[in-house]
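As a plain string of letters, each chain reads:
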Amino acid sequence: MSAASNLSSEDQFLCSICLDVFTDPVSTPCGHNFCKNCINEHWNTSDRCQCPMCKEVFNTRPDLRINTFISEMVAQFRQSAQQKTSSSEQQESKPGEVPCDVCTGTKLKALKSCLVCLVSYCETHLEPHLTASRLKRHQLIDPVKNLEDRMCTKHDKPLELFCKTDQTCVCMLCTVLDHKTHDVVPLKEEYEGKKVELKKTEAEIQQMIQKRRLKIQEIKHSVDLSEEDADREIAEGVQVFTDLKESVERGLNELIKTIEEKQKTTEKQAEAFIKELEQEISELKKRSTEVVKVSLSEDHLHLLQSFPYLKAVPSTKDWTKVSVRPSSYEPTVGRAVVQLEETLSKKIKKLLEAELKRIQKFAVDVTLDPDTAHPELILSADGKQVKHGNVKKNLPDNPERFSHCVFVLGKKSFSSGRFYFEVQVNGKTDWNLGVVRESINRKGNITLSPKNGYWTIWLRNGNEYKALANPLVRLSLKSRPQKVGVFVDYEEGLVSFYDVDAAALIYSFTGCSFKEKLFPYFCPCDNAGGKNTAPLIICPVNQTV
């Protein structure tokens, strides 16, 4: 076995024709060895009888016999290889794995693929590539399928080069024919360059993965915050409605108690009257009996003597003006309803104050955009105030500017989330406020409506408030707002207006579908000959309401 082990690294065990371990080895007169079938087939297909190795020509075809010495050494080599194979954990190839191309019968799992031979080898059949010096020069790679794809389909040569001009793999013949003037480099050179690019791509992909993981964390955190907000809102809602329910039940109990007390008073009064009447009836019945008795008596003297007493009717109460009126409960119910309404109003106001306080947390800094302002509008230097002037300024008619209506927009747009801002309207008789989408018409006459991209409310003539919906909605407000809050929830499709000082909801546009950027919108309206000169003022939001 020692000799076989030493010889296992020598080329004499390999046939130079089939490149495999000898089968029935024979020796030519020049001393070279081949498989018997290999050399015979070689000479059968050749015009001359010569050695494939040294090219010596034989005038007469040699009579070849099996070389018993080499045959025995090959047998030892095969036995050694088989023992090595049996000691290794070679596995039968499974679906999806590359099988050995040399194995007959059961296909073992390939360990390497040879780019020169275009064959995949298991561990046993790979041995010559690891031991024979000539085969060691072959390029081995991890096993791959479809090795024929590594051959040029046009010239049947290995794809060893890369054409940078056409960005394709080519063979040696391609470089002198189809790609003669192109920039061609060895596959390894292009491989290294592409490998660097792939590393950059991998880095970018890892960065994208990291960003998405962070986004997942952000979304999960948002869900957690939303859940906390939901729990808090539910708890507050339960508390508010519990208080309202208790107030209603308390008011109802007090109402029932008052009505029952009134009824008891009426019943007591009636019982007293009935008792007094029954007592008088008893006395009258007694007198009636006496009158009847005397009237039937034949005692002339007794009748005459009793007559003055019996003739007079007993003294009784005048009941003609006495009555028991059913109690009137309407004022009682009315007062109870009024008290309940006052209680509910106070609680609702506290609820709205809490809601407004939460909404004010989404306050944003809004500044007017002079590039959108109508030429007759006057903006303050800090971009926080706007009023109507009497003179039309000579300004460029850029696409963003309103040319006919005295409107102006905020500089910053919003395309997601929630935002809130407050505007002082004190001292004005006319104004418009709200939000608009980016693509609104800014030239000529404009009809304010959600359909045209405007979600607004307005004041006219000092007391006419309307929401410019489809159709218009007349608003009945208990007091004139001095400061108006505008809140937008982009994803919810909500635009709400608040009377900040009263902490009251003025109006809400719901079910809106926002697909563009939204801008804060302001219109101070015409100064009305000096009656409406006060400016609209964007105020800092006081979040301690």
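Right above here is the structure, for reference.
Residues numbered from 1 in each chain as written. Predicted model: local features only at pLDDT ≥ 70, side-chain atom pairs only at ≥ 80, totals over all residues. Heavy atoms only, no water.

On to the overall build of the protein, then. Counting its regular elements, the protein contains nine helices and 21 strands. The C-alpha radius of gyration of the protein comes to 55 Å, more than 25% above the 24 Å expected for a compact globule of 545 residues. By its C-alpha atoms, the protein is 200 × 90 × 35 Å across when sized along the principal axes. Residue pairs in contact within the protein that sit at least 24 positions apart in sequence constitute 56% of those at least 6 positions apart. Summed over all atoms, the accessible surface of the protein reaches about 34500 Å², with 52% contributed by carbon and sulfur. (Helix = DSSP H or I, 4+ residues; strand = E, 2+ residues; numbered from the N terminus. Rg over C-alpha atoms; globule rule 2.2 N^0.38 Å. Contact = heavy atoms within 4.5 Å. Areas by Shrake-Rupley, 256 points an atom, 1.4 Å probe, with all protein chains shown as cover.)

Attention now goes to helix α2 (residues 36-44). Taken residue by residue, α2 has Cys38, Ile39 and Trp43 as its buried positions. Within α2, the buried residues cover an arc of 125° as seen down the axis, which keeps them to one side. In α2, the exposed positions angled more than 90 degrees off the buried face are occupied by Asn37, Glu41 and Asn44. Residues of α2 that are buried sit in contact with β1 (25-27) and β2 (33-35). (Buried < 20%, exposed > 50% of the residue type's maximum accessible area, 1.4 Å probe, protein only. Arc of directions from axis to C-beta.)

As a further point, take the packing of aromatic side chains. Applying the stated criterion across every chain yields a total of 14 aromatic pairs. Ring centres of Phe407 and Tyr521 lie 4.9 Å apart, and the angle between their planes is 80°; this geometry places the pair in the edge-to-face category. Taken together, the residues span a long stretch of sequence, with Phe407 in the loop between β10 (385-388) and β11 (408-409) and Tyr521 in strand β20 (residues 518-523) at a distance of 114 residues. On the numbers, 5.0 Å between centres and 80° between planes, the contact of Trp455 with Phe514 is edge-to-face. Placement of the pair is Trp455 in strand β14 (residues 454-460) and Phe514 in the loop between β19 (504-509) and β20, with a sequence separation of 59 residues. The exposure class of Phe514 is buried, given its relative accessible area of 10%. By the ring-pair criterion, three or more aromatic residues cluster together here, those being Phe402, Phe407, Tyr454 and Tyr521. Sitting over the ring of Trp319, Lys317 keeps its end group 4.8 Å from the ring centre. Cation over ring: Arg460 sits above Trp458, and NZ or CZ is 3.9 Å from the ring centre. (Phe/Tyr/Trp six-rings, centres within 6.5 Å; stacked < 30°, edge-to-face > 60°. Lys NZ or Arg CZ within 6 Å of the ring centre and 35° of its normal.)

A word on a negative patch on the surface. A cluster of acidic side chains, namely Asp224, Glu227, Glu228 and Asp231, defines a negative patch on the protein surface. Along the chain, Glu227 turns up in helix α7 (residues 187-296). Overall, Glu227 belongs to the partly exposed group, its relative accessible area being 46%. (Patch = residues over 30% accessible without salt bridge, like charges linked within 9 Å, V, L, I, M, F, W, Y side chains within 5 Å. Salt bridge = Lys/Arg side-chain N within 4 Å of Asp/Glu carboxyl O. Lys, Arg positive; Asp, Glu negative; His and termini not counted. Charge placed at Lys NZ, Arg CZ, Asp CG, Glu CD.)

The next thing to look at is a nonpolar patch on the surface. Together, Leu173, Val176 and Leu177 make up a nonpolar patch on the protein surface, roughly 260 Å² of accessible area in all. Within the secondary structure, Val176 sits in helix α6 (residues 172-176). Classification of Val176 as exposed rests on a relative accessible area of 51%.

Moving on to the sheet that holds strand β18 (residues 494-499). Within a sheet, adjacent strands bond to each other through the backbone by hydrogen bonds, running parallel or antiparallel. Sheet architecture is open: seven strands sit in the order β9-β10-β21-β12-β17-β18-β19, paired in antiparallel fashion. A strand with exactly one partner marks an edge of an open sheet, and here the two such strands are β9 (377-379) and β19. Each strand of the sheet is rotated relative to its neighbour by a mean of 20°, with strand direction disregarded. As paired strands, β18 and β19 are joined by five bridges and run antiparallel to one another. For Tyr498, the partnering residue across the bridge sits in β19 and is Leu505. (Pairing = 2+ DSSP bridges. Axes fitted to C-alpha atoms, helices over the stretch in contact; angles between N-to-C directions.)

For the rest of this paragraph, the subject is the sheet that holds strand β5 (residues 140-141). One open sheet holds the three strands; their spatial order is β4-β3-β5, and the pairing between them is antiparallel. The two strands at the open ends of the sheet, each matched to only one other strand, are β4 (119-121) and β5. Lying on the sheet, helix α4 (residues 123-131) is in contact with β3 (112-114), β4 and β5; it crosses β4 at an angle near 110°.

We now examine the nonpolar core. With 51 residues, the main nonpolar core has Phe407, Trp431, Tyr454, Phe509 and Phe522 as its most contacted residues. Look past the residues within four positions of Phe522 in its chain and what remains in contact with it is Val366, Leu368, Val406, Phe407, Val408, Gly410, Phe421, Val423, Asn432, Leu433, Leu536 and Ile538. Ranked by size, the runner-up nonpolar core spans 21 residues in total, among them Leu14, Cys35, Cys51 and Ile70. (Core = buried A, V, L, I, M, F, W, Y, C linked by side-chain atoms within 4.5 Å.)

Time to look at the layout of surface pockets. Space inside the largest pocket adds up to approximately 660 Å³. Contributing to the lining of the largest pocket are 20 residues, with Leu115, Gln139, Arg150, Leu159 and Leu187 lying nearest its centre. Taken together, the residues that form the lining of the largest pocket break down as 11 nonpolar, one polar and eight charged. Taken as a whole, the second largest pocket encloses approximately 490 Å³ of empty space. Lining the second largest pocket are 13 residues, with Asp229, Arg232, Glu233, Phe362 and Arg418 sitting closest to its centre. For the lining of the second largest pocket, the elements supplying multiple residues, two or more each, are α7, α9 (330-359) and β17 (483-489). At five residues, α7 tops the list of elements feeding residues into the lining of the second largest pocket. Classifying every residue of the lining of the second largest pocket gives four nonpolar, one polar and eight charged. (1 Å grid on protein atoms, 1.4 Å probe; cavity = no way out; pocket = protein on both sides within 12 Å on 5 of 7 lines; lining within 4 Å. Points joined across faces, edges and corners; volume = space filled by probe spheres on them. Nonpolar A, V, L, I, M, F, W, Y, C, P; charged D, E, K, R; others polar.)

So far we have only geometry, and geometry alone does not tell us how the molecule works.
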